[in-house]
Amino acid sequence: MSETYTSNDILNAIAVAARTLGERKDEVNRLNVFPVPDGDTGTNMSLTVKMVVDNLAKLPIGSSNADVRKAITTGALMGARGNSGVITSQILRGLCEGAADATEFSVASIDKAFDQAVTTAFQAVRKPVEGTILTVLKDTAAAARRANKKKMELDEALAYIVSESYASVQRTPELLPVLAENNVVDAGGYGLAILLDSFVSAITGREAPLGDELAFSRGSEPKVEIEQINDWEGSRFRYCNEFLVDSETLDKDEALDFLSTMGDCELCVGSIPKFKVHVHSNTPDKVLAYFLERGQISEVFIHNMQLQAADRNAKLAEEQKAEHKALGFVAVAAGEGNAKILESLGVDRVVSGGQTMNPSTKDLLDAVNSVNADAVIILPNNSNIIMAAQSCAGVSETPCGVVPTKSVPQAFSAMFAANVEASLEENVEAMSDAIGEVRTGEITQAIKDAKDAHGNPIKNGDTIGIADGSIEAVGASTEEVTLALLESLEAEDADTLTLLAGCDFSDEQLDALVERIEEAYEDLEVDAHRGEQPLYPIVFGLE
């Protein structure tokens, strides 16, 4: 026989679910690859549900089911934080509305509740995206529908619904490419599955949540540097604005039309007289002014999402620092863009340095010691830094190897040849062989009169092109000298060209240069990036 559960059982299970999500919010936050973290998905969902529990705790003993539902919907609306929190509030509202006529907690009432939750949550989001919390909700509702049609016993149905919820979370990377790229599942969907799982575990008396048995997310490590993309439209907006509105006249459709002109991720949920507003915008003053003309506002939160993202990336970097690995990598580079590319290729620590700012042996040793690895490979990326790197390897307690890279493009090729399952010695040999295939070009400005490799005069201020340490081209512009240097290096015989634009070389200049190169070398694959290195408007690697 299926169990029957009282209202008190359900309320206690809600409290357990809220506490569990609070305990696991950091686990959910780690999965959040979207750039506008809104404070982070796990945190926001947890705060939203916590307000529900706080609201329920204020009810007198023996309160009616209608009062309980109102406390849940009001608490969720008042406590909703960020996109994920607002959507969670609408899921809870839909569940309550769907269960309004239920006389018992049954499979049929669960089916109806989830059906309404889907309707309510999807109505709140103007442009739903597959592979998010909404997909997991929809799949969970479908599981409830199947359980009802199959006339499952209540406990069996609850376990089945939770299992299908987790299965939906596992499928989210198949639906949303950014999740697959970062090797994670959707954070909001996972948070919802945790809520359901812990609720069911509490109400049925199961010893451990089903999610602990699956544990599918725990082996997935999100990338430390996360590309700035918004989960709906793009990430052109800096501020996350959210607040409550008390109004007897607010038209939600008109409000949403206005919010869409202010930014993206716009949400306006609730009903007269209380509404929750959420939008990402660069003009929070205009957003607030609009609603102040139509009612009273309270609980105003304005978050700078760029600063939140930077803080979150720093925290993830610290977590990565603590993870032990067999082989680590330290590289030297100037320019934020170059550092990011190296990190994306697997470099653990990038030491700032290069021409005119060579790091010391101690600088390199400190970087090696900060990598929690059995062995470390150093990529000096400059001929003047190789000796310091070798000195570091000689005094380091951690076994070190040096791959004598003389440029950042060589480091790229070296990292592509790295094999973390091979030994330190095998990697040094393979990576050193790889850099031999790279010809490096550097464009800069002469700081005094001199002569090039062929005895031709160079005047102070001339643009010069250096090929593997030898001045091979002189001219009046970066574009002219780059093309001359490519000709001297016989670029027509190469397959790929990696261009790194310096901090003073604009995107427009870079686009024009790429166009000229592609016209001159039709078979050459050109890969251009923002290296942001100083002094050298262009650095390139030719292979």
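Residues numbered from 1 in each chain as written. Predicted model: local features only at pLDDT ≥ 70, side-chain atom pairs only at ≥ 80, totals over all residues. Heavy atoms only, no water.

> Could you give an account of the pattern of salt bridges, naming the residues involved and the relevant values?
Going through the model one piece at a time under the given rule, you end up with 17 salt bridges. A salt bridge links Lys 274 to Asp 246, with the nearest nitrogen and oxygen atoms 2.8 Å apart. You can see Lys 274 sitting in strand E3 (residues 274-281) and its partner Asp 246 sitting in strand E1 (residues 239-246), a full 28 residues away along the chain. Accessibility expressed as a relative area gives 29% for Asp 246, which makes it partly exposed. Of the charged contacts in the structure, one is a salt bridge between Arg 530 and Glu 532, with a shortest N-O distance of 3.1 Å. Look at Arg 530 and you get partly exposed, because its relative accessible area is 24%. Judged by relative accessible area, Glu 532 falls into the partly exposed class, the value being 28%. (Salt bridge = Lys/Arg side-chain N within 4 Å of Asp/Glu carboxyl O. Helix = DSSP H or I, 4+ residues; strand = E, 2+ residues; numbered from the N terminus. Buried < 20%, exposed > 50% of the residue type's maximum accessible area, 1.4 Å probe, protein only.)

> Help me get a handle on the nonpolar core, residues and values and all.
Counting 66 residues, the largest nonpolar core has Ile 72, Ile 91, Leu 137, Tyr 190 and Leu 192 as the members making the most contacts within it. Per-element accounting of this core gives the leading share, 10 residues, to helix H10 (residues 187-204). Each residue touching Ile 72, except ones within four places of it in the same chain, is listed here: Ile 14, Val 52, Leu 56, Leu 92 and Cys 96. Within the second largest apolar cluster, 24 residues are counted, among which are Ile 443, Val 481, Tyr 521 and Leu 524. (Core = buried A, V, L, I, M, F, W, Y, C linked by side-chain atoms within 4.5 Å. Contact = heavy atoms within 4.5 Å.)

> Residue-level account of the environment of Thr 405, with values.
On the secondary structure map, Thr 405 appears in the loop between strand E8 (400-402) and helix H18 (408-416). Placed 24 residues apart in sequence, Thr 405 and Asn 381 show a C-alpha to C-alpha distance of 4.6 Å. For Thr 405, the contacting residues outside a window of four places in its chain are Leu 379, Pro 380, Asn 381, Asn 382, Ile 386, Gln 410, Ala 411, Ala 414 and Ile 435.

> How would you summarise unusual backbone geometry if you had to cite specific residues and measurements?
A cis amide bond links Ile 272 with the next residue in sequence, Pro 273, at an omega value of 15°. Of note in this structure, Lys 151 is not a glycine but carries a positive phi near 55°. Take Lys 151: it is sitting in the loop between helix H7 (133-149) and helix H8 (154-175). Phi angles above zero are rare outside glycine, and Leu 535 is one such case at about 70°. Here Leu 535 shows up in the loop between strand E15 (525-530) and strand E16 (538-542). Looking at Leu 535, the relative accessible area reads 48%, which means it is partly exposed.

> Account for the pairing of strand E14 (residues 496-501), naming residues and giving values.
The element E14 is largely enclosed, with a buried count of five among its six residues. Each parallel crossover has a hand, and the one from E14 via helix H21 (residues 507-520) to E15 is right-handed. Pairing analysis gives five bridges linking E14 to E16, with the strands arranged antiparallel. Following the sheet pairing, Leu 500 is matched in E16 by Val 539. (Right-handed = clockwise from strand over helix to strand, strands pointing away. Pairing = 2+ DSSP bridges.)

> Before we move on, could you go through the sheet that holds strand E2 (residues 263-271) and cite the residues and values that matter?
What holds strands together in a sheet is hydrogen bonding between their backbones, with the strands either parallel or antiparallel. Here we have four strands laid out as an open sheet, ordered E2-E3-E1-E4, and antiparallel in their pairing. The sheet is open, and its two edges are formed by E2 and strand E4 (296-304), each paired on a single side. Between one strand axis and the next, the sheet turns through 10° on average, direction left out of account. As paired strands, E2 and E3 are joined by seven bridges and run antiparallel to one another. Across the sheet, residue Leu 267 finds its bridge partner in E3, namely His 278. Each of E1, E2 and E3 is contacted by helix H4 (residues 65-79), which is oriented at about 30° to E3, the strand it contacts most. Of the strands in this sheet, E2 and E3 touch helix H12 (residues 252-262), which is tilted by about 160° from E2. (Axes fitted to C-alpha atoms, helices over the stretch in contact; angles between N-to-C directions.)

> How would you summarise the pairing of E1 if you had to cite specific residues and measurements?
Of all eight residues in E1, six are buried; the element is thus mostly enclosed. Examined bridge by bridge, E1 and E4 share seven bridges and lie antiparallel to one another. Within E4, the position partnered with Asn 241 by the bridge is Ile 302. Bridge analysis of E1 against E3 gives eight bridges, and the strand direction is antiparallel. When the bridges of E3 are listed, Phe 243 appears paired with Val 277.

> Which residues make up the sheet that holds strand E13 (residues 470-475), and what are the values?
Strands sit in the order E13-E12-E9-E16-E14-E15 across an open sheet of six strands; the sheet is mixed. Lying at the two open borders of the sheet, with one neighbouring strand each, are E13 and E15. Looking at each pair of strands side by side, their axes are set apart by 20° on average, direction ignored. Judged from the five bridges that link them, strand E12 (residues 463-467) and E13 form a sheet pairing that is antiparallel. Bridge assignment links Ile 464 to a residue of E13, and that residue is Val 474. Across the sheet, H18 is in contact with strand E9 (439-445), E14 and E16; its angle to E14 comes to roughly 125°.

> Describe the environment of Leu 192, listing the residues and the values that go with them.
Positionally, Leu 192 belongs in helix H10. Here Leu 192 falls in the buried class, since its relative accessible area comes to 7%. C-alpha of Leu 192 to C-alpha of Gly 42: the two residues are 150 residues apart in sequence and 9.6 Å apart in space. Ignoring any residue separated from it by four or fewer positions in sequence, one finds Leu 192 in contact with Met 45, Ile 91, Ile 133, Val 136 and Leu 137.

> Before we move on, could you go through a negative patch on the surface and cite the residues and values that matter?
Taken together, the side chains of Glu 425, Glu 426, Glu 429, Asp 433, Glu 437, Asp 495, Glu 525, Asp 527 and Glu 543 present a region of like negative charge at the surface. Listed by contribution, the elements that provide at least two residues to the negative patch are helix H19 (424-435) and E15. For the negative patch, the leading source of residues is H19, giving four residues. Residue placement: Asp 527 occurs in strand E15. By relative accessible area, which is 36% here, Asp 527 ends up partly exposed. (Patch = residues over 30% accessible without salt bridge, like charges linked within 9 Å, V, L, I, M, F, W, Y side chains within 5 Å. Areas by Shrake-Rupley, 256 points an atom, 1.4 Å probe, with all protein chains shown as cover. Lys, Arg positive; Asp, Glu negative; His and termini not counted. Charge placed at Lys NZ, Arg CZ, Asp CG, Glu CD.)

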